[in-house]
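# Descriptive structure summary
Residues per chain are reported as follows:
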Amino acid sequence: MASTFTGIRLLQRTKNGIANARMTTWSRSYHTDMACSRMAFQSSRSSKEFLSRGLQTSRMFCRSKAQIISGTNLAKEIKKEIQKDVESWLSLGNQRPHLSVILVGDDQASHTYVKNKIKAASTVGISSEVLLRPSNITQDELLDIISKLNRDASVSGLLVQLPLPGIETFGKNVVVAGRSKNVGMPIAMLLHTDGRHERPGGDATVTITHRYTPKALLKRHTQLADIIIVAAGIPKLITADMIKEGAAIIDVGINHIEDPATGKTIIVGDVDLEGVKEKAGVITPVPGGVGPMTVAMLLKNTLMAAQKLIY
């Protein structure tokens, strides 16, 4: 039976039914030296999955400068491990992991995302296919396709194309700016869920805002937040004056805007990166942040599904 991945999948199960999901912990140690500090980040991961990887590096920097979490570099590291695991899996005589992607409509961005995922799958040794369907497909027709693929023993992973690097969330104050069914609502639910639950969550206190939250009210919430996750689809929604010193900023926004200097279209997130990085503790850039990690973890989940480690 295939595993279906829609949006960001942060929870998995082992085959014995025990939930085994944790968010990577970033541990900090500060050693003050005048105006600058040394911050060391080291990741931890559960025995069966990791959403993100620590950089296991430390560097000298002024406290007001954010550590940039490179999703691109982390994804490369993960994909190297996946490739080795796939080779090992095949050497035991097992079937090659296979990913099926259902792509509905002609949205150019979605086609680009799928193209990147298929390319990434190939590089790690996972076979894949894309099932194109028109935008006028009915819900029943789509569910029928999903049901058939889910019963196909040759399909390890199933993605219906519609991310975090993780940080310590226990007891933290979190603002999620965005309420989409793919990012905002699922991540808010995950973060506030009891860590002792069958599907453990982040034990955080979560506030959900959205594009219609008055800016002054949004600012009051974000200035109190230890962690801000932004997926509202509004360029520069979060600026430096809206966050507290050392906050963790996860930017999931994707916006296409015109570069005033070149006139070309560029991709930016929902956070004013240049301004916010001077004040935040850690921050993900756009592009090169959450996106590459989403692709890498899709491949990881596909392999684990083939190995019957999740369902």
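Residues numbered from 1 in each chain as written. Predicted model: local features only at pLDDT ≥ 70, side-chain atom pairs only at ≥ 80, totals over all residues. Heavy atoms only, no water.

## With respect to the side chain of Thr-213
- Structurally, Thr-213 can be placed in the loop between β10 (205-209) and α5 (215-222).
- The class for Thr-213 is buried, based on a relative accessible area of 14%.
- A polar side-chain atom of Thr-213 sits 3.0 Å from the main-chain amide nitrogen of His-210. (Helix = DSSP H or I, 4+ residues; strand = E, 2+ residues; numbered from the N terminus. Buried < 20%, exposed > 50% of the residue type's maximum accessible area, 1.4 Å probe, protein only. Polar contact = N/O pair within 3.5 Å; in protein donor to acceptor, adjacent residues only side chain to side chain.)

## Quick look at the sheet that holds strand β11 (residues 227-230)
- Overall, parallel pairing links the six strands, which are arranged β5-β15-β12-β11-β9-β10 in an open sheet. For this open sheet the edge positions go to β5 (67-68) and β10, each flanked by a neighbour on one side alone.
- Sheet topology places β5 next to strand β15 (residues 282-283); two bridges connect them, and they run parallel. What sits directly across from Gln-67, in β15, is Val-282. (Pairing = 2+ DSSP bridges.)

## So, the nonpolar core
- The biggest cluster of nonpolar side chains holds 39 residues, and the ones touching the most others in it are Ile-82, Ile-126, Leu-191, Ile-229, Val-252 and Leu-299.
- With eight residues, the top contributor of residues to this core is helix α7 (residues 290-306).
- Counting 18 residues, the second-largest nonpolar core is a separate cluster that includes Ile-228, Leu-237, Ala-247 and Val-276. (Core = buried A, V, L, I, M, F, W, Y, C linked by side-chain atoms within 4.5 Å.)

## So, the pattern of salt bridges
- The tally for this structure, following the rule as stated, stands at six salt bridges.
- Note that Asp-241 and Lys-219 form a salt bridge whose closest N and O atoms lie 3.0 Å from each other. Of this pair, Asp-241 sits in the loop between β11 and β12 (248-251) while Lys-219 sits in helix α5; the two residues are 22 residues apart in sequence, bridging distant segments of the chain.
- Owing to a relative accessible area of 39%, Asp-241 belongs among the partly exposed residues under this scheme.
- Lys-244 serves as the salt-bridge partner of Asp-226, at 2.7 Å between the closest nitrogen and oxygen. Here the residue Asp-226 occupies a position in the loop between α5 and β11, and Lys-244 occupies one in the loop between β11 and β12, the gap between them amounting to 18 residues. (Salt bridge = Lys/Arg side-chain N within 4 Å of Asp/Glu carboxyl O.)

## As for unusual backbone geometry
- Omega for the peptide link from Val-286 to Pro-287 comes to -5°, which places this bond in the cis form.
- Along the polypeptide, Pro-287 turns up in the loop between β15 and α7.
- A positive phi angle, near 55°, is found at Asp-203, a position not held by glycine.
- For Asp-203, the location among the structural elements is in the loop between α4 (184-192) and β10.
- Of note, the phi angle at Lys-236 is positive, near 55°, even though the residue is not glycine.
- Take Lys-236: it is sitting in the loop between β11 and β12.

## Observations concerning the confidence of the model for the chain
- Per-chain confidence: the chain averages 78 in pLDDT, with 77% of residues scoring 70 or above.
- Predicted confidence is poor over residues 3-62, with pLDDT under 50, and the contacts of this stretch with residues over four places away or in other chains come to 171 contacts. (pLDDT = per-residue confidence, 0-100. Contact = heavy atoms within 4.5 Å.)

## As for the pairing of strand β7 (residues 127-133)
- Looking at chain direction, strand β6 (residues 98-104) and β7 are connected through seven bridges and run parallel. Across the sheet, the residue bridging to Val-104 is Arg-133, located in β7.
- Crossover connection from β6 via helix α2 (residues 108-124) to parallel β7: handedness right-handed. (Right-handed = clockwise from strand over helix to strand, strands pointing away.)

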